[in-house]
Amino acid sequence: MLTGRCLCGAAGYESPGPALFSLVCHCRDCQRASGSGGVPVLGVARSAFVSTGPIKQVRTKGGSGHPAVRNICMECGSLLFGTPESAPELVTIYAGSLDDPAHFEPRDAIFVAQRPMWAKLALELVEHPALPSA
Ligand SMILES: [Zn+2]
Ligand SMILES: [Zn+2]
């Protein structure tokens, strides 16, 4: 079971998993939303995903042209997970919110063309300039 919560503890989520993909997204939207050089993301099925607590949805136009929806705690503003409209069957958990961050084992880095030089991780990841072609 994958579980996680925000900084203040008011909002949380759980998913039976498994992780369908694990990557770090370096797009400019993720940089601005998080204030960092990228967001570690773990994809799970939306059908078995449950969230609790006060969650606000922030919608912006994503790289797909469909709205990217970021779900944040209404109390403390922590980024928790994404619910992309371009992939309604998926939830993208922001790995730093996991109760056990060791459950995140990144494999890919995407949008590396937009990655600042200081944000390259010291990990062997498969790098994609933008979205990987499926
Ligand atoms: Zn919170
Ligand atoms: Zn991104």
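Everything below is about the structure shown above.
Rules and cut-offs
Residues numbered from 1 in each chain as written. Chains lettered and ligands numbered in written order. Predicted model: local features only at pLDDT ≥ 70, side-chain atom pairs only at ≥ 80, totals over all residues. Pairing = 2+ DSSP bridges. Helix = DSSP H or I, 4+ residues; strand = E, 2+ residues; numbered from the N terminus. Axes fitted to C-alpha atoms, helices over the stretch in contact; angles between N-to-C directions. Core = buried A, V, L, I, M, F, W, Y, C linked by C-beta atoms within 7 Å. Buried ≥ 20, exposed ≤ 12 C-beta atoms within 10 Å, placed from the backbone.

## Some thoughts on the sheet that holds strand β2 (residues 12-15)
Move 1: Across the sheet, 3 strands lie side by side as β1-β2-β5; this open sheet has antiparallel pairing. Where the open sheet ends on each side, the last strands, each with one partner, are β1 (2-5) and β5 (50-52). This sheet shows a mean twist of 10° between the axes of neighbouring strands, independent of strand direction.
Move 2: Pairing of β1 with β2 involves 4 bridges; the strand directions are antiparallel. Pairing of Arg 5 across the sheet is with Gly 12, part of β2.

## Comments concerning the pairing of strand β3 (residues 21-25)
Move 1: When β3 meets strand β4 (residues 39-45), the two strands line up antiparallel, connected through 5 bridges. Within the sheet, the bridge partner assigned to Cys 25 lies in β4 and is Val 39.
Move 2: Alignment of β3 against strand β10 (residues 108-110), held across 3 bridges, turns out to be parallel. The residue of β10 that forms the bridge with Leu 23 is Asp 108.

## Some details on unusual backbone geometry
Move 1: Here the residue pair Gly 17 and Pro 18 is connected by a cis peptide bond, since its omega of -5° sits within 30 degrees of zero.
Move 2: Relative to the helices and strands, Pro 18 resides in the loop between β2 and β3.
Move 3: Phi is positive for Phe 111, which is not a glycine, with a value near 55°.
Move 4: By secondary structure assignment, the location of Phe 111 is in the loop between β10 and β11 (126-127).

## Let's talk about the nonpolar core
Move 1: Ranked by internal contacts, the top residues of the largest apolar core, which has 25 residues, are Leu 23, Cys 25, Val 41, Leu 80, Phe 81, Ile 93 and Tyr 94.
Move 2: Looking at this core element by element, the count peaks at 4 residues for β4.

## Here's the deal with the sheet that holds strand β7 (residues 67-73)
Backbone hydrogen bonds hold the strands of a sheet together, and the pairing may be parallel or antiparallel.
Move 1: Taken in spatial order, the 8 strands line up as β6-β7-β8-β9-β4-β3-β10-β11 in an open sheet, and their pairing is mixed. Two strands close off the open sheet at either side, each with one partner strand: β6 (55-61) and β11.
Move 2: Note that strand β8 (residues 79-82) and strand β9 (residues 90-94) share 2 bridges and pair antiparallel. Directly across from Phe 81, in β9, lies its bridge partner Ile 93.

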